[in-house]
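Tertiary structure, described
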Amino acid sequence: MTGPSSPNSIGAILGRVTTIDVPCRDCGSPVSRPAQLSGRPDSWRDAVRCPAHAAAAGVDAASARAASVRDRDSQTWIDTVRAFDAVAGYELASVDEIDSTKTSTICRRLIDTHTAADPNTGHRGGVALIGPTGIGKTRALFAVVNALAPGRRALVGSEDTVLAVDVPPWELAAAITARITGVEVLGIDDVGVSLRRPDERMLAWKALADVVARAPHPVTVVLTTNLQGWTALTDWVGAQAASRLSGWTPLASPGWTDRRTGRTHEQWRQDLLAAQRPEERNR
Ligand SMILES: [Zn+2]
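Keep in mind that this is a model prediction, so the values were computed, not measured.

In this model, the protein chain carries an average pLDDT of 76, and 69% of its residues clear a pLDDT of 70 or more. Here residues 1-18 is a poorly scored stretch, pLDDT under 50, and it has 28 contacts once near neighbours within four places are set aside; other chains count. Every residue in residues 60-72 scores below 50 in pLDDT, and together they form 35 contacts with partners more than four places removed in sequence or on other chains.

Encoded structure:
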């Protein structure tokens, strides 16, 4: 894969994510976290733990970015997200903060249609939040998930967490089916970074898409990715998963300005438009 849709060329444009050291709540040793966005609540700092104390507290270090709840009240969801130690205040993320009016409208409509859907129908909704690092994709993901999670079965995690990186290839499809079955709100952060081999990764994505397609209840899927559009996403997740996911998750960007540096990613935006299929441009 070459040209503007290559993850390498995107990495070259974006550079690195800014990180800061935050003390572990249990021992005070420094833990690296994404930098605080200015003007955001910083209560998340109280929940940060080093890997050893995360393990001792029952937060699996390999799935530190995963949160799963079945509980029915929003305080439990907030507590779960706060315990999720890679999180920078995401428990308070709201659709009102999304810079792009078009994207906030898409997200609001997702929440409303899922909320209004008959629980016994196969309603499918979603959004793929695209754009460079730092523009608020993960925060926009949590804005949707936070609105829907209380009272619903929600699973949020990094690509490798959700795709069961912790199981051997021969157990992969069964593990993903077990993990995704029953999930009503699915958030997958940073699609395009899985360490699995390409054939296993595509098998995993196909298993995930099959479970979502079969679910007898409404499902909302929210993805974030640096990959530029469905051409690059298809190369990553495989044609079978992409044909299903693209029907549920239109592309949207939360904005083009890096919230930490104020830099506008004009080059990325131009590359994205160049890489998009004509039918993606008006989504
Ligand atoms: Zn510690």
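Taken across its 7 residues, strand 6 (residues 185-191) has 7 buried, putting it largely inside the fold. In this sheet, strand 7 (residues 219-225) lies alongside strand 6 in parallel orientation, the contact comprising 5 bridges. Considered in strand 7, the bridge of Val191 is made with Thr225. Considered for its hand, the β-α-β crossover made up of strand 6, helix 8 (residues 198-214) and strand 7 is right-handed.

Attention shifts here to the nonpolar core. In this structure, Leu129, Val144, Val145 and Leu208 are the most contacted members of the largest nonpolar core, which totals 55 residues. For Leu208, the residues in contact, after removing those within four places along its chain, are Ile176, Ile180 and Ala241. Grouped together as the second largest cluster of nonpolar side chains are 5 residues, Val22, Val31, Val48 and Cys50 included.

Take the environment of Ile130 next. Within the secondary structure, Ile130 is located in strand 4 (residues 124-130). We classify Ile130 as buried; it has 27 C-beta atoms within 10 Å. Once residues lying within four places of it in the same chain are set aside, the contact partners of Ile130 are Thr225, Gln228, Gly229, Leu251 and Ser253.

The subject of this paragraph is the pairing of strand 5 (residues 154-158). The element strand 5 is largely enclosed, with a buried count of 5 among its 5 residues. The sheet contact formed by strand 5 and strand 6 spans 5 bridges and is parallel. By the bridge assignment for strand 6, Leu155 is matched with Leu186.

Listed as buried for helix 9 (residues 229-237) are Gly229, Trp230, Ala232, Leu233, Trp236 and Val237. Burial along helix 9 is one-sided: seen end-on, the buried residues are contained in an arc of 160°. One or two positions beyond helix 9, positive phi appears at Gly238, with a value near 95°.

A packed helix pair is summarised by two numbers, namely the angle formed by the two axes and the spacing between the axes. Close contact between helix 9 and helix 10 (residues 239-248) brings their axes to 7 Å; oriented N to C, the two are set at 135°. Relative to helix 10, the element helix 9 is oriented oblique. In this structure, helix 9 crosses over helix 10, and the sense of that crossing is right-handed. Together, Trp230, Leu233, Thr234 and Val237 of helix 9 and Ala239, Ala241, Ala242, Leu245 and Ser246 of helix 10 make up the contact between the two elements. Residues belonging to the contact of helix 9 with helix 10 are distributed by class as follows: 7 nonpolar, 2 polar and no charged.

What follows is about helix 4 (residues 101-116). Over its 16 residues, helix 4 runs 22 Å from end to end, which matches the ideal 22 Å to within 8%, given 1.5 Å per residue. Within helix 4, burial applies to Thr103, Ser104, Ile106, Cys107, Leu110 and His114. Burial along helix 4 is one-sided: seen end-on, the buried residues are contained in an arc of 160°. Turned more than 90 degrees away from the buried face of helix 4, the exposed residues are Thr101, Lys102, Arg109, Asp112 and Ala116. On its buried face, helix 4 sits against strand 4, helix 5 (137-148), strand 7 and strand 8 (251-252).

Within the fold, Gly192 resides in the loop between strand 6 and helix 8. Expressed as a C-alpha distance, the spacing of Gly192 and Trp236, which sit 44 residues apart in the sequence, is 6.7 Å.

Criteria and thresholds
Chains are numbered independently. Their residues run from 1 in the order of the written sequence. Given that the model is predicted, a residue must reach a pLDDT of at least 70 before its local features are reported, and side-chain atom pairs must reach 80 or more before they are shown or counted; all residues, however, enter totals for whole chains, interfaces and linings. Each residue carries a pLDDT score, the predictor's own confidence in it, on a scale running from 0 to 100. Here, residues touch in the contact sense if the C-beta positions derived from the backbone fall within 7 Å of one another. The burial criterion counts other C-beta atoms lying within 10 Å of a residue's C-beta, which is placed from the backbone; the residue is buried at 20 or more, exposed at 12 or fewer, and partly exposed between these limits. We count a stretch as a helix when DSSP gives it H or I for four or more residues in a row; a strand needs E for two or more, and each element gets its number in order from the N terminus. Should DSSP find at least two bridges between two strands, the strands are regarded as paired. The definition of a right-handed crossover adopted here requires that, viewed with the strands pointing away, the path from the first strand over the helix to the second runs clockwise. We define the nonpolar core as any set of buried residues of the types Ala, Val, Leu, Ile, Met, Phe, Trp, Tyr and Cys, connected via C-beta atoms lying within 7 Å of each other. The directions from the helix axis to the C-beta atoms form the arc being described. The angle between two axes is taken between their N-to-C directions and runs from 0 to 180 degrees, where each axis is a line fitted to C-alpha atoms and a helix contributes only its stretch in contact. Throughout this description, any angle smaller than 35 degrees is read as roughly parallel, any larger than 145 degrees as roughly antiparallel, any in the 65 to 115 degree range as roughly perpendicular, and the remainder as oblique. Definitions for this section: a left-handed crossing has its near helix turned counterclockwise from the far helix by less than a right angle. A right-handed crossing has that turn clockwise. Basically, the charged four are Asp, Glu, Lys and Arg, the nonpolar ten are Ala, Val, Leu, Ile, Met, Phe, Trp, Tyr, Cys and Pro, and anything else, Gly included, counts as polar. Given the number of residues in a helix, its expected span is that number minus one, multiplied by 1.5 Å.

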